[in-house]
There are 2 protein chains.
Amino acid sequence: MAAADRGPAPTTPAVAELVERHRETLDTALAAITARDYWSPYPEIPKAYGESAAAEGKEAFDALLGKPFGLDQPGTDGETGGEVSPYGTELGISYPHADPEVLIGAAVAAMPSWTAAGPLTRAVVCLEILARINARSHEFAQAVMHTTGQAYGMAFQAGGPHAQDRGLEAVAYAYAEQTRLPRQAGWTKPQGRRDPLVMEKTFTVVPRGVALLVGCNTFPTWNGYPGLFASLATGNPVVVKPHPRAVLPLALTVRIARQVLTEAGFGADLVTLAAERPGEGLAKVLALRPEVRIIDYTGSSAFGEWLEANAVQAQVYTEKAGVNTAVVDSTDDYAGMLGNIAFSLSLYSGQMCTTPQNLLIPRGGISTDQGEKSYDEVVADLAAAIGGLLGDDTRAAAILGAVVNPGVAERIGQAVDGSYGELALTPRTVAVPEFPDALVRTPALVKADAAKPDDEAAFLSECFGPVSFAVAVDSAADAVELLRRTVKEKGAMTAAAWTTSPEVEQAVVDACLDAGVSLSLNLTGGVYANQTAAFSDLHGTGANPAANSAYCDAAFVANRFRTVQIRRHS
Amino acid sequence: MAAADRGPAPTTPAVAELVERHRETLDTALAAITARDYWSPYPEIPKAYGESAAAEGKEAFDALLGKPFGLDQPGTDGETGGEVSPYGTELGISYPHADPEVLIGAAVAAMPSWTAAGPLTRAVVCLEILARINARSHEFAQAVMHTTGQAYGMAFQAGGPHAQDRGLEAVAYAYAEQTRLPRQAGWTKPQGRRDPLVMEKTFTVVPRGVALLVGCNTFPTWNGYPGLFASLATGNPVVVKPHPRAVLPLALTVRIARQVLTEAGFGADLVTLAAERPGEGLAKVLALRPEVRIIDYTGSSAFGEWLEANAVQAQVYTEKAGVNTAVVDSTDDYAGMLGNIAFSLSLYSGQMCTTPQNLLIPRGGISTDQGEKSYDEVVADLAAAIGGLLGDDTRAAAILGAVVNPGVAERIGQAVDGSYGELALTPRTVAVPEFPDALVRTPALVKADAAKPDDEAAFLSECFGPVSFAVAVDSAADAVELLRRTVKEKGAMTAAAWTTSPEVEQAVVDACLDAGVSLSLNLTGGVYANQTAAFSDLHGTGANPAANSAYCDAAFVANRFRTVQIRRHS
């Protein structure tokens, strides 16, 4: 059913205009989440935004630096800030700090007209917010780059159009779920020879309450937009608590959302920013508020588990840590496989929740189109492939980005010190003339043996950042069992395997279905285990300890609203 | 899309036969949950099951009494029992008591083939279980009657076909949600002048883990089947922990389910019975097991809240206590309104989670088609209507059923003692010649004043059983606000209102949308606030403290499974 046929009619000319403008995009998104083929309304090529867009984006970003970030929201009781770009400069932006009491009160006060607006109006308002964000993708790219350390190209794509895709996907799912029941239905129950019982029933979507988005350091928009837009599209106001190191991308998002909401005739306080003071622990305070009924969180397992155990008044959607594992059994494209793995390990310095950490390689070697390769040869060839990929500093910097925070830098140091084991590939420092203070390091590849308990202790802990383990295992079967155990015990956002054996492939597939992790098989080209595409790929499964939900499925949105039924005699 | 077009093909002739047998029912159920008109495949009229069915059901029930309940399941380490019919006789049935460790281990062991079977096979196996239960509706009616105290007619309908409807509804929702994603999809991403990226993706539903059903005393099948069938249909084995006073209806259900599962080629241990010893607290033990990932519970708020706070490894669906409220403002059918309320308060002695408890009546009186009626007149007329409805002992017994347990008997005693306030209607004891030991009492109607704090303390507590409050309020507006506050603070499964004023109606509707409770408006005929019809009416909203979920919507099923994606180059 087309979007226009469902939901209450728009209530104002402004909203009617938004329906007109975004109806086709919404309809296409609704079709896309069913078909799962490639689709995106937001071009991922920077040049698609115009010749001068990059420069204008940079200019807009520069204009934000070194001054207060204007955000006219209630409850401001001071300011906070302190972001430092992983590329070396202090942003010098101060954000309003809000009294949580006032912020939540304002969110609650803004709810009624947003609730009454219904699914279609909410969807097109969300699409307008996304469209305005999209138009400023270059500015967002700068903001993402200088808070996460992503290189510009990646910050543009992952922080811009791809994040917007995930937001739109959530809006489409939210709209679809909210319109499964008819708004009105007749009910006629025969009563034998007597008159039938005839009732008229209406079904109205009501929101849960205040939603809290707890943003992360590395992908503030990509990981933030699904929850933000799923909650907003289902009628819930959203309090955005960004990571203290990555406030700007979400602050820009909040400002745009408030602007669009106001123009459409709704309360700006449906979306507010809760920037925190150093050490304030604001997420804990907000998470336990009784008005907060939905929480979206990406970050450490420790705090994610704390939220799950303590914020029991809320629906809690978490993405936490995991140990992503790949089985390297055999391949008919050895060079393609090495190139694909090398890029996966290098992209954004392994600072993705989806980067493979452990490569399980039979100690007896693997079969390839280039003949049998021993474990040592595979490891050496992979190290060489990474070295080749990152041999040129300019190219290396464009792939690696910068080290996002001191925790990652520390782990690189430990790898170099040999704390994780013997290095097959030693990180080198990449010079970035444009940003001399940026810490850019190539990945470390550690040799490990599954049979050695000390090694296992190292590679079975999440080692977030550019440190991967080439783990020698006895056989493909052992690799499959280690994959299964790792996912069940430690969690994983991704799994990968390279094999030409139908038996090994089936065993890996079975292990992934059993342990609950999505699998990329035999990738040798321009698709990487650590990248997922909205409208087609699910991000995470929610079936293992790394996350309790996925982007995006019905379960991610269906419980963000409830349905109230009114019935009467006809 | 028709059921036959989705899901993996049946794997055995037995399953193929079930698909053939139940496909049309599944398709019709899928259409029904979208259309929300009246529909049921299970006749609610006892005679529809044949002339001799009632006698045969009685005979089958009698054959169960006074002996061990045969159930060949693993881990039996003793027996337990002790059910006493509210109609006065000991059932004398002993059930196997199982070691929870063994039971859960057996459930886990039975999962793989059930997971692999896919949504369509699981749906038709569930429909076959329901069909076998349906064929024995008269036997179930006896079992429900003699564990819950429902009169036979109600035990037949609510414990039989209506419970089966709710089970089938859950199966349909489960099937629909599991088949939203295609099993397989192609993905082609253009790459400018280069070859496009082409991937092939599969999406496979995997279950959460072991599901625990914690049954209730009053509606073991009606409140048990939605969770049981939603979990089973989404691939999860179900451990059924019945209420110690109402084991038999669920024990019969488990035995039938095990039989059907075995015949269809699956492990019987996908459904097991966990009958508990007195004071064992087995639900707590089971609820905290790490393998238990889904819990469905109906019962006291205290234990429901304990589950929500402690069983954080599981998805917990709870239906707890509430204070159902009705606004009595005005009517154009005074007699119809009084009759409708009288029946609502009397049905099953108010022992329904949906029975109105508080009737809010303006102290200045109400307008009716029979002229203005003072508060005292309305109360007296309602008392008279109840008295008239229940004047004949045979009819009274058929409506009231028996008092289900000592807690309800105690509250009736307190009402008679005047502990709740002045009585407008004093309960009388109804003699049931067939069951001389049954405790059958007509409802108590207590006069209360919203302005008096002592009164408020009484009527704002859930008083489960045949005790209702006629609460004098200052105005319709005050009634609406008290309704809103009651639902928000105490929770409610139902709300009702009688009014001829469009303004008051709108205010009540707004309050119900705000507080999150479904509303029945101006009921004067054969539809009652405390009854909901599957496939059309939602039972509960999940939006107020009385319950965190509803029968049945997508949110009730969508998170009982997860989706694992496998992708590869085409």
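The rules behind each value
Residues numbered from 1 in each chain as written. Chains lettered and ligands numbered in written order. Predicted model: local features only at pLDDT ≥ 70, side-chain atom pairs only at ≥ 80, totals over all residues. Heavy atoms only, no water. Axes fitted to C-alpha atoms, helices over the stretch in contact; angles between N-to-C directions. Helix = DSSP H or I, 4+ residues; strand = E, 2+ residues; numbered from the N terminus. Parallel < 35°, antiparallel > 145°, perpendicular 65-115°, else oblique. Contact = heavy atoms within 4.5 Å. Nonpolar A, V, L, I, M, F, W, Y, C, P; charged D, E, K, R; others polar. Least-squares fit on C-alpha atoms with pLDDT ≥ 70 in both. Domains from an automatic or database assignment. Buried area = accessible area lost by both parts, 1.4 Å probe. Salt bridge = Lys/Arg side-chain N within 4 Å of Asp/Glu carboxyl O. Core = buried A, V, L, I, M, F, W, Y, C linked by side-chain atoms within 4.5 Å. Buried < 20%, exposed > 50% of the residue type's maximum accessible area, 1.4 Å probe, protein only. Polar contact = N/O pair within 3.5 Å; in protein donor to acceptor, adjacent residues only side chain to side chain.

Residues and elements named next belong to chain B. Running from N to C, helix H6 (residues 152–159) and helix H7 (residues 161–178) point in directions that differ by 15°, and their axes come no closer than 3 Å. It follows from the interaxial angle that H6 and H7 lie roughly parallel. Taken together, the residues of H7 that come into contact with H6 (itself represented by Phe156, Gln157, Ala158 and Gly159) are Pro161, His162 and Ala163. When the residues that make up the contact of H6 with H7 are grouped by side-chain class, the tally is 4 nonpolar, 3 polar and no charged.

All names here are of chain A. Here Ile133 shows up in helix H4 (residues 111–135). Considered as a pair, Ile133 and Pro161 are 28 residues apart in the sequence and their alpha carbons are 9.0 Å apart. The contact partners of Ile133, leaving out residues within four places of it in the chain, are Phe140, Gln164, Tyr225, Phe229, Thr253 and Ile256.

For the rest of this paragraph, the subject is the relation of the copies chain A and chain B. Once chain A is rotated about the relating axis by 180° and shifted along it by 0.0 Å, it coincides with chain B to within an RMSD of 0.1 Å. Within this description, the copies of the chain are treated as partners about a two-fold rotation axis. Here 100% of the interface residues in chain A have copies in chain B that are interface residues too; the copies meet face to matching face.

Turning our attention to the domain arrangement of chain A. Residue and element names in this part refer to chain A. Examined at the domain level, chain A breaks down into domain 1 (3–320 + 549–569) and domain 2 (325–521). The gap between the C-alpha centroids of domain 1 and domain 2 is 34 Å. Counting residues at the interface gives 16 residues for domain 1 and 19 residues for domain 2. For the pairing of domain 1 and domain 2, the buried interface totals around 1300 Å² over both sides, and the portion due to carbon and sulfur atoms is 67%. If you look at where domain 1 meets domain 2, you find 0 salt bridges.

Moving on, we get to the nonpolar core. Ranked by internal contacts, the top residues of the largest apolar core, which has 143 residues, are Phe229 and Leu248 of chain B. Ranked by the residues each element gives to this core, the list is headed by helix H4 (residues 111–135) of chain B, at 11 residues. Those residues in contact with Phe229 of chain B that sit more than four places away from it in its chain are Cys126, Ile129, Leu130, Ile133, Gly167, Ala170 and Val171 of chain B. One finds Ala32, Met145, Ala211 and Leu523 of chain A within the second-largest nonpolar core, a separate group that totals 140 residues.

For the rest of this paragraph, the subject is the interface of chain A and chain B. Taken together, the 71 residues of chain A in the interface contact 71 residues of chain B. Regarding the contact of chain A and chain B, the summed buried area is about 5600 Å², with carbon and sulfur atoms giving 54% of it. There are 12 salt bridges connecting chain A and chain B. On inspection of chain A and its partner chain B, the count reaches 38 residue pairs in polar contact (both at pLDDT 80 or more).

Residues and elements named next belong to chain B. Locating Leu390 in the fold gives a position in the loop between helix H13 (375–389) and helix H14 (393–400). Exposure remark for Leu390: the relative accessible area of 1% places this residue in the buried category. Sequence separation between Leu390 and Val271 is 119 residues, and the spatial gap between their C-alpha atoms is 42 Å. Setting aside residues up to four positions removed in sequence, Leu390 forms contacts with Ser346, Ala396, Ile399, Leu400, Arg428, Thr442 and Pro443.

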